[in-house]
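Descriptive analysis of the structure
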Amino acid sequence: MTDTTTRPYRGKVLWVDLESGACREEIIPEEVYRQYLSGLGLAAYLLYRDLPPGVDALGPANILGFVSGLLTGTGSLFTGRWMAVAKSPLTGTWGESNCGGRLSPAIKQCGYDGIFFTGSSPEPVLLVVDADGPRLEPAGDLWGCDTIETETALLARYAGGPKPAVACIGPAGERQSLISGISHDFGRFAARAGLGAVMGSKRLKALVLAGARPIAAADPATIKRLSKRCSRYYLTSWPLPPARFLPYLGTLVSKFPLGFPLDGLIEVAVFKRWGTAGTYGMAVEWGDAPIKNWAGSNEDYPIKMARGVDPEQIFQQEERKYFCYSCPLGCGGICKYGPEGREIHKPEYETLMAFGGLQLNNDLETLFEINDRLNRAGMDSISAGGTIAFAMECYEKGLLTEADTGGLALRWGDAQVALTLVEQMIAREGFGALLADGVKRAAAQLGERAAEAAIHAGGQELAFHDPRLDPGFALHASVEPNPGRHTAGAQVYYEMYRLWTRCPELPRPKLLYRKRSKYTSSPEMAAQAVAASCYTQLYNAAGLCMFGAFLGVDRLPVFEWLNAALGWELPPEAYMQIGKRIQTLRQLFNLREGVDPTALRANPRVLGIPPLREGANKGRTIALDQMIRDYYAAIGWDPETGVPLPETVQALGLREK
Ligand code: SF4
């Protein structure tokens, strides 16, 4: 039995029935933490146990959860991520979304590992947890307010005690846009899977968490020592070329005849200086960034265009760096924006690419404006940008005319049109109403020919990392129980995670390899992909930021932190088995929902069908079917159906329901 005063988890969750207003605590047995850790693992356990199969994702029976990471608050680094979970209304599958900021420690400081909502409230409400305990309060006055107005009002209303952490939805979530997300800390987002719509359907405007309980760990001295040792990897200032040279570096890498594994130290150094925007020009040139709705290439968006989205210019607008809780890196940035000099989060790579290269736009000023509008409304910029790029292609092909768009000419590169469409999507007005639920729904209304331009996996718009450069993005987006996620895994992530340094049976990537060897499948690649999946689930249970994970497990001591926090002595392989258990349970969740895993595949275009005729990814096609079969076999699922094999289910101690 773990000593309750030294364990890093709380051992209980809060259930809130939005129908009756009743709040109830549930003690979670220690065995559950041993099987799933906390965070995403605990959420998967509870939703699989309690969510009735086949519920309407926007109906009262859906369960919406907010979970903290197991390592959050223990003194470990990069471990302040929280996750929202529910059945996704966008994909009809397991749904999850990950975010930083301060909410993860706030959940624990309130005394819980997670907060779960059932039912739906007749009137708008917010959950408050403070020294007086948990309760629902009316939020009718906030309904209709954007995310910034809501958070500002709530911080003022609940000032006086410990500073609250707020998570809320904006008008997009209230209107149940299937591409709406949940905002925290004035513009950090759990944006994916349409979970803002679930919150809106429950008429839950916000959570206000103002606890002050300390968070413990079994061996804080060891955690501190490990954290100190790790600091040299992110504190070192690596020499970086000026931002204007970065695209040329991308060109060089794309022309080099051989491939080589990427060391996460480089990625982390770029993020430390410029944030994720730092990779923009490089990504275009080496083929990571999809151009013109995935049908174009860097030839259509050459360096002189991509330079318009200049990381250095964004960096110059930064007032200060933004750090999530326990993060020493600070990839975020706060900028002054607009005539009143309002503070906003700077746009991230995904937003810049969604409305930049994907739409052949390079107007940085409008990209800032679009970023701000989407953040205020609480709409996912990846999905919104992907859906507008789809509409632009349909217009170009004559599948849409100005008679359909209310007079708008949806021309590539027209930033003002993109901004107008964003406004319409948020308001669900005009032509924007057709786009407000994402690309799959929009294509369904435009007929068969539109489907080829609708880029998604399982209904979720793909983020902007091209599988024709790294096929792992297509594989993971297609096998992931929450389909379409770029954070679920990739070949390059496996390289950066450096798992073979702790799990010697895992393959070590070759120092140099022929580029075309990436595009076929092999048992070794399948083993790498499964390891990347299991590690992702593990660190989502721990609350780790993916960018921290890029440092590699030999530099960022995740396994050692877990043992020190928990007082356990498990080998890395045992933790990886926990990751596999979480991955398999989420797959069982989908099967119980009647989801066919093989139907969650990424769109053929992103696989190189047909192949691109020019640019960095010219002529590449990916053997995705074989990769999926090999992945399923390697993780212990049926290679043809994706159904976990009985022996796998048994070995993981799972039970099908
Ligand atoms: S690296 Fe960036 S996203 Fe990750 S925890 Fe730090 S600030 Fe947050």
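Residues numbered from 1 in each chain as written. Predicted model: local features only at pLDDT ≥ 70, side-chain atom pairs only at ≥ 80, totals over all residues. Heavy atoms only, no water.

**Focus: the overall build of the chain**
Per the secondary structure count, the chain includes 28 helices and 19 strands. Compactness check: the chain gives a C-alpha radius of gyration of 23 Å against a globular reference of 26 Å for 657 residues, within 12% of the reference. Principal-axis analysis of the C-alpha atoms gives the chain an extent of 60 × 55 × 50 Å. Across the 657 residues of the chain, 65% fall into the buried class. Contacts spanning at least 24 positions in sequence make up 72% of the contacts within the chain whose residues lie at least 6 apart. Approximately 22500 Å² of the chain is accessible, and the part contributed by carbon and sulfur atoms is 54%. (Helix = DSSP H or I, 4+ residues; strand = E, 2+ residues; numbered from the N terminus. Rg over C-alpha atoms; globule rule 2.2 N^0.38 Å. Buried < 20%, exposed > 50% of the residue type's maximum accessible area, 1.4 Å probe, protein only. Contact = heavy atoms within 4.5 Å. Areas by Shrake-Rupley, 256 points an atom, 1.4 Å probe, with all protein chains shown as cover.)

**Regarding the sheet that holds strand E7 (residues 125–130)**
The six strands lie next to each other as E8-E7-E12-E9-E10-E11, forming an open sheet whose pairing is mixed. Bordering the open sheet on either side are strand E8 (133–138) and strand E11 (188–190), each of which pairs with just one other strand. Between one strand and the next, the sheet's axes are offset by a mean angle of 20°, whatever the strand orientation. Pairing geometry for strand E10 (residues 182–184) and E11, over three bridges, is antiparallel. Paired with His184 across the two strands is Arg188, which belongs to E11. Contacts from helix H4 (residues 147–157) reach E7, E8, strand E9 (165–168), E10 and strand E12 (204–209) within the one sheet, and its direction differs from that of E9 by about 145°. (Pairing = 2+ DSSP bridges. Axes fitted to C-alpha atoms, helices over the stretch in contact; angles between N-to-C directions.)

**Some thoughts on the pairing of E9**
Burial of E9 is two-sided: the residues Ala165 and Ala167 facing one way and the residues Val166 and Cys168 facing the other way are all buried. Bridge analysis of E9 against E12 gives four bridges, and the strand direction is antiparallel. Note that in E12 the partner of Ala165 across the bridge is Leu209. Where E9 lies against E10, two bridges are found, and the strand directions are antiparallel. In the strand pairing of E10, Cys168 is matched with Ser183.

**As for the packing of helix H2 (residues 39–50) against helix H26 (residues 572–592)**
Running from N to C, H2 and H26 point in directions that differ by 30°, and their axes come no closer than 10 Å. Accordingly, the angle class assigned to the pair H2 and H26 is roughly parallel. Considering how the two elements wind past one another, H2 and H26 form a crossing that is left-handed. Residues Leu40, Gly41, Ala44, Tyr45, Leu47 and Tyr48 of H2 form the contact with H26, whose own contacting residues are Ile582, Leu585, Arg586, Leu588, Phe589 and Arg592. (Parallel < 35°, antiparallel > 145°, perpendicular 65-115°, else oblique. Left-handed = near helix turned anticlockwise from the far one by under 90°.)

**Quick notes on the sheet that holds strand E14 (residues 318–322)**
Sheets are built from strands paired through backbone hydrogen bonds, the pairs being either parallel or antiparallel. Strand order in the open sheet formed by three strands is E14-E15-E16, with antiparallel pairing between adjacent strands. Of all strands in the sheet, those bounded by a partner on one side alone are E14 and strand E16 (342–345). Strand-to-strand, the axes of this sheet are offset by a mean angle of 30°, without reference to chain direction. Across four bridges, strand E15 (residues 332–337) lies against E16 in antiparallel orientation. The residue of E16 that forms the bridge with Cys335 is Ile344.

**Looking at the packing of aromatic side chains**
Centre distance and the angle of the planes are the two values used to describe a pair of aromatic rings. Tallied over the entire structure, the rule returns 25 aromatic pairs. Here the guanidinium or amino end of Lys205 rests over the ring plane of Trp143, the centre of that ring lying 5.9 Å away. In this structure, Arg244 is placed above the aromatic ring of Phe245, and the distance from its NZ or CZ to the ring centre is 4.8 Å. (Phe/Tyr/Trp six-rings, centres within 6.5 Å; stacked < 30°, edge-to-face > 60°. Lys NZ or Arg CZ within 6 Å of the ring centre and 35° of its normal.)

**What about a nonpolar patch on the surface?**
Where nonpolar side chains cluster on the molecular surface, the patch consists of Phe256, Phe260, Leu511 and Leu512 and spans about 420 Å² of accessible area. Its location among the elements puts Leu512 in the loop between helix H22 (491–497) and strand E19 (513–514). (Patch = residues over 30% accessible without salt bridge, like charges linked within 9 Å, V, L, I, M, F, W, Y side chains within 5 Å. Salt bridge = Lys/Arg side-chain N within 4 Å of Asp/Glu carboxyl O.)

**Some points on the site of the ligand**
Lining the immediate environment of the ligand, one finds Arg81, Arg188, Tyr322, Cys324, Cys327, Leu329, Gly330, Cys331, Cys545 and Phe547. When the residues that make up the shell around the ligand are grouped by side-chain class, the tally is seven nonpolar, one polar and two charged. (Near = heavy atom within 4 Å. Nonpolar A, V, L, I, M, F, W, Y, C, P; charged D, E, K, R; others polar.)

**Re the pattern of salt bridges**
Taken as a whole and judged by the stated rule, the model has 35 salt bridges. For Asp50, the salt bridge is made with Arg49, and the minimal N-O distance between the two is 2.7 Å. Judged by relative accessible area, which is 29%, Arg49 ranks as partly exposed. As a salt-bridge pair, Glu174 and Lys205 come within 2.5 Å of each other at their nearest N and O atoms. Taken as a pair, Glu174 in helix H5 (residues 171–174) and Lys205 in strand E12 lie far apart in primary sequence, 31 residues in all.

**Let's talk about the side chain of Thr150**
Relative to the helices and strands, Thr150 resides in helix H4. Sequence-distant contacts of Thr150, that is, excluding residues within four places in its chain, are made with Leu142, Cys145, Cys168, Ile169 and Lys205.

**Some remarks on unusual backbone geometry**
In this chain, Ile609 is followed by Pro610 through a cis amide linkage whose omega measures 0°. Of note, Pro610 is situated in the loop between H26 and helix H27 (624–635). At Leu360, a position not held by glycine, the phi torsion is positive, near 55°. Inspection of the secondary structure assignment puts Leu360 in the loop between helix H13 (349–355) and helix H14 (364–377).

**Re the pairing of strand E4 (residues 82–87)**
Burial within E4 is extensive, with six of its six residues counted as buried. One ladder, built from six bridges, connects E4 with strand E5 (residues 94–99); its direction is antiparallel. When the bridges of E5 are listed, Trp82 appears paired with Cys99. With antiparallel pairing between neighbouring strands as the criterion, E4 and E5 make up a hairpin whose turn holds six residues, including Gly92 at a positive phi of roughly 70°.

**Some words on the environment of Glu285**
Here Glu285 is to be found in helix H10 (residues 280–286). Of the residues examined, Glu285 reaches a relative accessible area of 6% and is grouped as buried. For Glu285 and Glu299, which are 14 residues apart along the polypeptide, the C-alpha to C-alpha distance reads 9.0 Å. Leaving out residues up to four positions away in the same chain, Glu285 has contacts with Pro247, Gly250, Thr251, Ser254, Asn298, Ile303 and Ala616.

**A short note on helix H9 (residues 264–274)**
Counting buried residues in H9 gives eight out of 11 residues, a clear majority hidden from the surface. For H9, the complete set of buried residues consists of Gly264, Leu265, Glu267, Val268, Ala269, Val270, Phe271 and Trp274. One side-chain oxygen at the N-terminal end of H9 lies 2.9 Å from the backbone nitrogen of Leu265; it belongs to Asp263. Just past H9, the residue Gly275 takes up positive phi, approximately 75°. (Polar contact = N/O pair within 3.5 Å; in protein donor to acceptor, adjacent residues only side chain to side chain.)

**What to know about the side chain of Asp437**
Relative to the elements of secondary structure, Asp437 occurs in the loop between helix H18 (432–435) and helix H19 (439–446). Among the polar contacts listed, one links the side chain of Asp437 to the backbone nitrogen of Leu178, at a separation of 2.9 Å. The residues touching Asp437, leaving out its near neighbours within four places in the chain, are Leu90, Gln176, Ser177, Leu178, Ile179 and Arg428.

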